[in-house]
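Examination of the molecular architecture
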Amino acid sequence: MEKPEKLIVDGKRLDGRAPDELRQLKIEAGVLERADGSAYVELGANKVLAAVYGPREMHPRHHQQPDMAVLRCRYNMAPFSVDERKRPGPDRRSVEISKVTREALEPVVFLELYPRSVIDVFIEVLQAEAGTRTAGINAAAVALADAGIPMRDMVSSVAVGKVDGTIVLDPAKDEDQWGTTDMPIAMIPRKKLITLLQMDGHFTGEEFKQALDLAFKGCEQIYEAQRRTLMEKYAIKQGE
Ligand code: ADP
């Protein structure tokens, strides 16, 4: 696709969203029978599955930690998830995303409860349209909770970007491609603690503050959706 002349026209983005609007979000918990916990997330055209196994004994043994569990994350994009077939198997990008996903989730998991164990988190991107790492983190956090893994809190994730000089929430594919800045963030929304912050491009100090603010707002909405999904699945009524 050629670069469109403008990515924002009359205050609206190419897909009709306002700058501070998320793409359509859908979250389901417990979608896989064989996993201990699982979740499915759609964020716009992104379709992502997360499966959690464990805690279980860590193999190989030399990867065991004597005083805590290891959170092992694997982010993978299906060959059919993008326009041109993606070569199967790990690559630099998926290794990086697996690492930052682990680091985004580790702070909320009570790993110290399970010495010498492993908690496996598999993230499978079925359809990709920019923002798959954030969708994967949102799915993985719900899947961990669905697996009954003790957690201090929830992690929610969204990207913010700059397109045509405007700070936008949750960039879509064209905005990611043609915009000047992309900043994926994960956080513990209730505490406003950031567990992932990456940046591709530049922000001025003022823009960075504005972007962070927008990311907080986006993560709060995502957190509400994650919470609602888990509450509905486990039929917990407000006030119980
Ligand atoms: P994220 O998906 O977290 O935004 P990137 O910024 O690396 O991560 O990727 C942006 C988008 O580029 C992806 O969501 C996907 O739509 C596309 N993309 C990534 N890797 C490939 C690939 N190997 N082939 C085609 N498209 C890809």
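Rules and cut-offs
- Residues numbered from 1 in each chain as written.
- Predicted model: local features only at pLDDT ≥ 70, side-chain atom pairs only at ≥ 80, totals over all residues.
- Heavy atoms only, no water.
- Pairing = 2+ DSSP bridges.
- Helix = DSSP H or I, 4+ residues; strand = E, 2+ residues; numbered from the N terminus.
- Axes fitted to C-alpha atoms, helices over the stretch in contact; angles between N-to-C directions.
- Parallel < 35°, antiparallel > 145°, perpendicular 65-115°, else oblique.
- Left-handed = near helix turned anticlockwise from the far one by under 90°.
- Contact = heavy atoms within 4.5 Å.
- Phe/Tyr/Trp six-rings, centres within 6.5 Å; stacked < 30°, edge-to-face > 60°.
- Buried < 20%, exposed > 50% of the residue type's maximum accessible area, 1.4 Å probe, protein only.
- Lys NZ or Arg CZ within 6 Å of the ring centre and 35° of its normal.
- Near = heavy atom within 4 Å.
- Polar contact = N/O pair within 3.5 Å; in protein donor to acceptor, adjacent residues only side chain to side chain.
- Areas by Shrake-Rupley, 256 points an atom, 1.4 Å probe, with all protein chains shown as cover.
- Nonpolar A, V, L, I, M, F, W, Y, C, P; charged D, E, K, R; others polar.
- Core = buried A, V, L, I, M, F, W, Y, C linked by side-chain atoms within 4.5 Å.
- Expected span 1.5 Å × (residues − 1).
- Salt bridge = Lys/Arg side-chain N within 4 Å of Asp/Glu carboxyl O.

A look at the pairing of strand β5 (residues 46-57)
- Where strand β4 (residues 37-43) lies against β5, seven bridges are found, and the strand directions are antiparallel. Looking at the pairing, Glu42 lines up with Lys47 of β5.
- Sheet topology note: the β5/strand β7 (residues 117-127) ladder contains nine bridges and is antiparallel. Among the inter-strand pairings, Lys47 is bridged to a residue of β7, identified as Gln127.

Quick notes on the packing of helix α2 (residues 132-146) against helix α4 (residues 205-233)
- Running from amino to carboxyl end, α2 crosses α4 at an angle of 30°, the nearest separation of the two axes being 11 Å. One finds that α2 runs roughly parallel with respect to α4. Relative to α4, the crossing made by α2 is right-handed. Residues Asn138, Ala141, Val142, Ala145 and Asp146 of α2 form the contact with α4, whose participating residues are Ile222, Gln226, Leu230 and Lys233.

Observations regarding the packing of aromatic side chains
- Inspection of every chain in the model, using the stated rule, returns one aromatic pair.
- Centre to centre, the rings of Tyr53 and Phe122 are 5.8 Å apart; their planes meet at 80°, and the pair counts as edge-to-face. Here the residue Tyr53 occupies a position in strand β5, and Phe122 occupies one in strand β7, the gap between them amounting to 69 residues.
- Here Tyr53 falls in the partly exposed class, since its relative accessible area comes to 25%.
- Of note, Arg152 hangs over the ring of Phe110, and the distance from its end group to the ring centre comes to 4.2 Å.
- Cation over ring: Lys192 sits above Phe216, and NZ or CZ is 4.6 Å from the ring centre.

A word on the site of the ligand
- The environment of the ligand is made up of Met77, Val82, Lys86, Arg93, Ala128, Glu129, Ala130, Gly131, Thr132, Arg133, Lys173 and Asp176.
- Interatomic distance of 2.7 Å between a backbone N/O atom of Gly131 and an oxygen atom of the ligand.
- Considered on its own, the ligand offers 530 Å² of accessible surface; in the complex 73% of this is hidden by protein.
- Broken down by secondary-structure element, the contributors of at least two residues to the shell around the ligand are α2 and α3 (173-178).
- Here the residues of the shell around the ligand sort into four nonpolar, two polar and six charged.

Brief notes about the nonpolar core
- With 44 residues, the main nonpolar core has Val52, Leu71, Leu105, Ile119, Val121, Leu144 and Val155 as its most contacted residues.
- A per-element tally of this core places α2 first, with eight residues.
- Every residue in contact with Leu71, bar those within four places of it in the chain, is listed here: Arg102, Leu105, Glu106, Leu111, Ile119, Val121 and Leu144.
- With 16 residues, the next largest nonpolar core counts Val160, Ala211, Leu212 and Ile222 among its residues.

What about the packing of helix α1 (residues 92-105) against α2?
- Packing of α1 against α2 leaves a shortest axis separation of 10 Å and a crossing angle of 45°. When the axes of α1 and α2 are compared, the pair comes out oblique. In this structure, α1 meets α2 at a crossing whose hand is right-handed. For the pair α1 and α2, contact is made by Arg93, Glu96, Ile97, Thr101, Ala104 and Leu105 and by Thr132, Arg133, Ile137, Ala140, Ala141 and Leu144, respectively.
- Looking at side-chain class alone, the contact of α1 with α2 contains seven nonpolar, two polar and three charged residues.

Some words on α4
- The first and last C-alpha atoms of α4 sit 42 Å apart over 29 residues, in line with the 42 Å expected at 1.5 Å per residue.
- Backbone geometry just downstream of α4 places Ala235 in the positive-phi region, at approximately 50°.

Concerning α1
- Counted at 1.5 Å a residue, the expected span for α1 with its 14 residues is 20 Å, and the 20 Å between its end C-alpha atoms agrees.
- Listed as buried for α1 are Ser94, Ile97, Ser98, Val100, Thr101, Ala104 and Leu105.
- Summarising the contacts, the buried residues of α1 are in contact with β6 (70-77), β7, α2, β10 (181-188) and β11 (193-197).

A short note on the pattern of salt bridges
- Counting across every chain of the model gives 21 salt bridges.
- Between Lys99 and Glu103 there is a salt bridge, with its nearest N and O atoms 2.8 Å apart. Of this pair, Lys99 and Glu103 both sit in helix α1, four residues apart, which is roughly one turn of the helix.
- With a relative accessible area of 32%, Glu103 lands in the partly exposed category.
- The salt bridge partner of Arg152 is Glu112, with a shortest N-O separation of 2.7 Å. With a gap of 40 residues between them, Arg152 in the loop between α2 and β8 (156-163) and Glu112 in the loop between α1 and β7 connect regions that are remote in the sequence.
- Look at Glu112 and you get partly exposed, because its relative accessible area is 42%.
- Each member of the salt-bridge network shares a partner with another, and the members are Arg13, Asp15, Arg17, Arg23, Asp170 and Glu175.

Structural measurements only, silent on function.
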